[in-house]
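Listed below, chain by chain, are the residues.
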Amino acid sequence: QYNDDWAAMAEREAVEHMDANAESAVVLEKMSLKTPASEHFKRQATDWVQSASTSPRVYMLPGSWDRSCDYSSEQLGYRYSLEHWMHQNILANEVLLVSDPQAADFVYLPHCATGIFMHLVAKFELQHLANEKRRGKNSSHGAPGLKEEILRYEGNLPVRAVRGTDHAYLMHKVQTLWTKQWEFQHCLRRRSCQFLIVSIYGRHVWRKFASFFEGKAVVLTHSGMSRWLQQQLPSFFCSSRSSSGGSSTSKTTTTKPVERGTCRAACEEHCVLEPPSVLPDDIVLPWTISYRWTPRSYNFASRDLLVFYSGTANSCSRDMLAGLFREGFDERLKELASIKGSTLALEERILIFPPEFQLLQTEWSELAFRSRLCLVPDGDSPNTGRLIEVIMHGCVPLIISNRLQPPFHEFIDWPSIAFFLKEEEIPNLSKVLSALARPKGLRRIAERHSNLVGAAHLLHFDGGGINTLFFALRDRAKKLRTMPD
């Protein structure tokens, strides 16, 4: 049975710790800046300052983090470190952690599925190469190797490695470890408790694992793929039919979701949204990146390029972009390599690199600093690290997607910092850019640029990103506490 005394003690301890660390826990001085924070975020911040007794309470289930997790942390690299980074952060956070699961809003289930998955990908690839080599030696007409089935709508993930991770690793933890612990069973029975799961990939990848928990878990993930964009009014998007390049309002407006069968994305894979990647209470996190907001990011007037994009050809929408702007690219690049003396009008200062043209990171960064707009199409998945990287460079994102749910979408007013374009409008992108190069469009770009510094703070985990996540968990914890057990 839920223990009110333990809950009260946990709240008192959290408040005392928060009071002692107020400057680092809630960065109040940032709130006075011009901010893209949504009204929901502002209400959360105000409520927290006025009543700090509603800190989310997290109990970490013991025994889940094993040697394989410690080993894989050294192999993944910075970009794929979410599961490890969040484990360390929760473990060290005295504000969140409670020692009694009866006082917890969330029971955190540590795992390192991404490291296991990448190990299996490498293992199966080596097995395939060895089989091909043996087949070539044993037969001059060797039978072709079986091509690995892949999940095309989610980063072309090898199905065998996905299922191995889902069934043999994650479900093994559920069946042989977690369900045998009384803390797990206690949370499972309580309506006012949910499991907290961190996963780079969404529910649609680890399907058996996700189906076990369903709505009993809150998933923290980079996999921002949902019908969120389909729920926006047409005025939310840039359009070739609008001379202003989209709606002049920055507020998110919604209507009923579109009916099935109306998807007109760049390719069939981008219309696949079932099974769902995220559920309503899941939290889409920004990717961890190495770039930071710098003094140069503030600069807008000296940006001499209208739009810039460079990326790998890992989605159909990126292929469309490359084909649309390939003609005349070499001439534009030569003209814009040094802008001094250029005769190109601003609407012609467009650099969209073909995928075979590989830029160094320093070259990419320099061009992002020079650009007013940066295109952000879907990559392996809709939510990409590039979105956060262009924001850190002070380059206003022009997001091209039909299925993106952006990071912290409840807490950031995304139309105040970015433009949105549906994939079916890619053939008309030149007209959209021409509209944005006119005085009214340039003012709208400048308005969004002025909000980017606030977004950079809210999205970067070395800045206010951890506070944004804290508010998201707190929001869900408050709802849980209204549910009777």
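Residues numbered from 1 in each chain as written. Predicted model: local features only at pLDDT ≥ 70, side-chain atom pairs only at ≥ 80, totals over all residues. Heavy atoms only, no water.

(A) Spatial organisation of the overall build of the chain. When helices and strands are counted, the chain shows 17 helices and twelve strands. Considering only residue pairs separated by 6 or more positions, the chain has 76% of its internal contacts joining residues 24 or more positions apart. In the structure as shown, the chain presents an accessible area of about 22100 Å², 53% of it carried by carbon and sulfur atoms. (Helix = DSSP H or I, 4+ residues; strand = E, 2+ residues; numbered from the N terminus. Contact = heavy atoms within 4.5 Å. Areas by Shrake-Rupley, 256 points an atom, 1.4 Å probe, with all protein chains shown as cover.)

(B) Looking closely at the packing of helix 14 (residues 385–392) against helix 16 (residues 439–459). Where helix 14 contacts helix 16, the two axes come as close as 9 Å, and the packing angle between them is 130°. In terms of their interaxial angle, helix 14 and helix 16 are classed as oblique. In this structure, the crossing between helix 14 and helix 16 has a hand that is left-handed. Taking contact as the criterion, the partners of Ile 388, Ile 391 and Met 392 in helix 14 are, on helix 16, Leu 452, Ala 455, Ala 456 and Leu 459. Classifying every residue of the contact of helix 14 with helix 16 gives seven nonpolar, no polar and no charged. (Axes fitted to C-alpha atoms, helices over the stretch in contact; angles between N-to-C directions. Parallel < 35°, antiparallel > 145°, perpendicular 65-115°, else oblique. Left-handed = near helix turned anticlockwise from the far one by under 90°. Nonpolar A, V, L, I, M, F, W, Y, C, P; charged D, E, K, R; others polar.)

(C) Looking closely at the nonpolar core. Grouped together as the largest cluster of nonpolar side chains are 127 residues, with contacts concentrated most on Phe 213, Leu 220, Leu 373, Ile 391, Leu 398, Trp 414 and Leu 429. Ranked by residue count, the leading element in this core is helix 16, at eight residues. Apart from the residues lying within four places of it in its own chain, the contact partners of Ile 391 are Trp 293, Pro 397, Trp 414, Ile 417, Leu 452, Ala 455, Ala 456 and Leu 459. (Core = buried A, V, L, I, M, F, W, Y, C linked by side-chain atoms within 4.5 Å. Buried < 20%, exposed > 50% of the residue type's maximum accessible area, 1.4 Å probe, protein only.)

(D) How the structure looks around the state of the cysteines. One pass over the structure, following the stated rule, counts four disulfides. Bridging Cys 187 to Cys 193, the disulfide has an S-S length of 2.0 Å. In this structure, the disulfide formed by Cys 187 and Cys 193 twists by about -100° around the S-S bond and is classed as left-handed. For the pair Cys 187 and Cys 193, one class covers both residues: buried. Residue Cys 267 pairs covalently with Cys 316 via a disulfide, S to S 1.9 Å. Torsion about the S-S bond of the Cys 267 and Cys 316 cystine: about -55°, corresponding to left-handed handedness. Of the two residues, Cys 267 is situated in the loop between strand 6 (217–221) and strand 7 (283–284) and Cys 316 in helix 11 (residues 316–325); the sequence distance between them amounts to 49 residues. Both residues of the pair, Cys 267 and Cys 316, belong to the buried class. (Disulfide = S-S within 2.5 Å.)

(E) Quick look at the packing of helix 11 against helix 15 (residues 429–436). At a closest axis distance of 11 Å, the pairing of helix 11 and helix 15 adopts a crossing angle of 75°. In terms of axis orientation, helix 11 runs roughly perpendicular to helix 15. Judged by residue contacts, Leu 321, Leu 324 and Phe 325 of helix 11 engage Leu 429, Ser 430 and Leu 433 from helix 15. The class makeup of the residues in the contact of helix 11 with helix 15 is five nonpolar, one polar and no charged.

(F) Representation of the pairing of strand 5 (residues 194–199) in the model. A large share of strand 5 lies buried, amounting to six of its six residues. What you see with strand 5 is no split at all: Gln 194, Leu 196 and Val 198 on one side and Phe 195, Ile 197 and Ser 199 on the other are buried throughout. Bridge count between strand 2 (residues 106–108) and strand 5: three bridges; the pairing is parallel. Looking at the pairing, Tyr 108 lines up with Leu 196 of strand 5. Taken together, strand 5, helix 9 (residues 207–213) and strand 6 form a β-α-β motif whose crossover is right-handed. (Pairing = 2+ DSSP bridges. Right-handed = clockwise from strand over helix to strand, strands pointing away.)

(G) Representation of the sheet that holds strand 2. Reading across the sheet, the five strands line up as 1-2-5-6-7 and stay open at both edges, with parallel pairing between neighbours. The two strands at the open ends of the sheet, each matched to only one other strand, are strand 1 (58–60) and strand 7. Here helix 5 (residues 82–92) sits on the sheet and contacts strand 1, strand 2, strand 5 and strand 6; the angle it forms with strand 5, its principal contact strand, is near 135°.

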